[in-house]
Amino acid sequence: MKQLTGLPVGTVVQACSTTYPPAGWVQTGSYYTSSCVAWSNPSFNNNAWQLKRVS
């Protein structure tokens, strides 16, 4: 987990995907990574996001 509060506008981070990006952030890409597997039988669907702070 990463604390996103206080990061400047324009910051880009990688994060495991959730239902929606946090307020003030937009998804700029998605991809699969084994480090975001939450289930014992993972698929290879995109499960992570690249997020950019916009406000």
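Anything mentioned here points back to the structure above.
Quick look at the structure, then. (Residues numbered from 1 in each chain as written. Predicted model: local features only at pLDDT ≥ 70, side-chain atom pairs only at ≥ 80, totals over all residues. Heavy atoms only, no water.)

Within the chain one finds zero helices and three strands. Across the chain, helices and strands are ordered from the amino to the carboxyl terminus as β-β-β. Relative to its full complement of 55 residues, the chain shows a buried share of 20%. Residue pairs at least 24 apart in sequence account for 55% of intrachain contacts in the chain once pairs closer than 6 positions are excluded. For the chain, the accessible area works out to roughly 4100 Å², and carbon and sulfur atoms hold 54% of it. (Helix = DSSP H or I, 4+ residues; strand = E, 2+ residues; numbered from the N terminus. Buried < 20%, exposed > 50% of the residue type's maximum accessible area, 1.4 Å probe, protein only. Contact = heavy atoms within 4.5 Å. Areas by Shrake-Rupley, 256 points an atom, 1.4 Å probe, with all protein chains shown as cover.)

Here the focus is the state of the cysteines. In this structure the tally under the stated criterion is one disulfide. Two residues share a disulfide in this structure: C16 and C36, whose sulfurs sit 2.0 Å from each other. Looking down the S-S bond of the C16 and C36 bridge, the torsion is -85°, so its handedness is left-handed. With C16 in strand β1 (residues 12-16) and C36 in the loop between β2 (25-31) and β3 (48-53), the pair connects residues that are 20 residues apart, well separated along the chain. Assessed through its relative accessible area of 39%, C16 is described here as partly exposed. By relative accessible area, C36 is classed as buried at 15%. (Disulfide = S-S within 2.5 Å.)

This paragraph deals with the sheet that holds β3. Strand order in the open sheet made by the three strands is β1-β3-β2, with antiparallel pairing throughout. Both outer strands of the open sheet, β1 and β2, are each paired with one neighbouring strand and no more. Averaged over all adjacent pairs, the angle separating strand axes in this sheet is 30°, with direction ignored. Bridge count between β1 and β3: five bridges; the pairing is antiparallel. In the sheet register, C16 faces β3, and the bridge partner there is A48. (Pairing = 2+ DSSP bridges. Axes fitted to C-alpha atoms, helices over the stretch in contact; angles between N-to-C directions.)

Ranked by size, the top nonpolar core spans five residues in total: L4, V13, W25, W49 and L51. The residues touching W25, leaving out its near neighbours within four places in the chain, are L4, L7, T11, V13, L51, K52, R53 and V54. (Core = buried A, V, L, I, M, F, W, Y, C linked by side-chain atoms within 4.5 Å.)

By themselves these figures say nothing about function.
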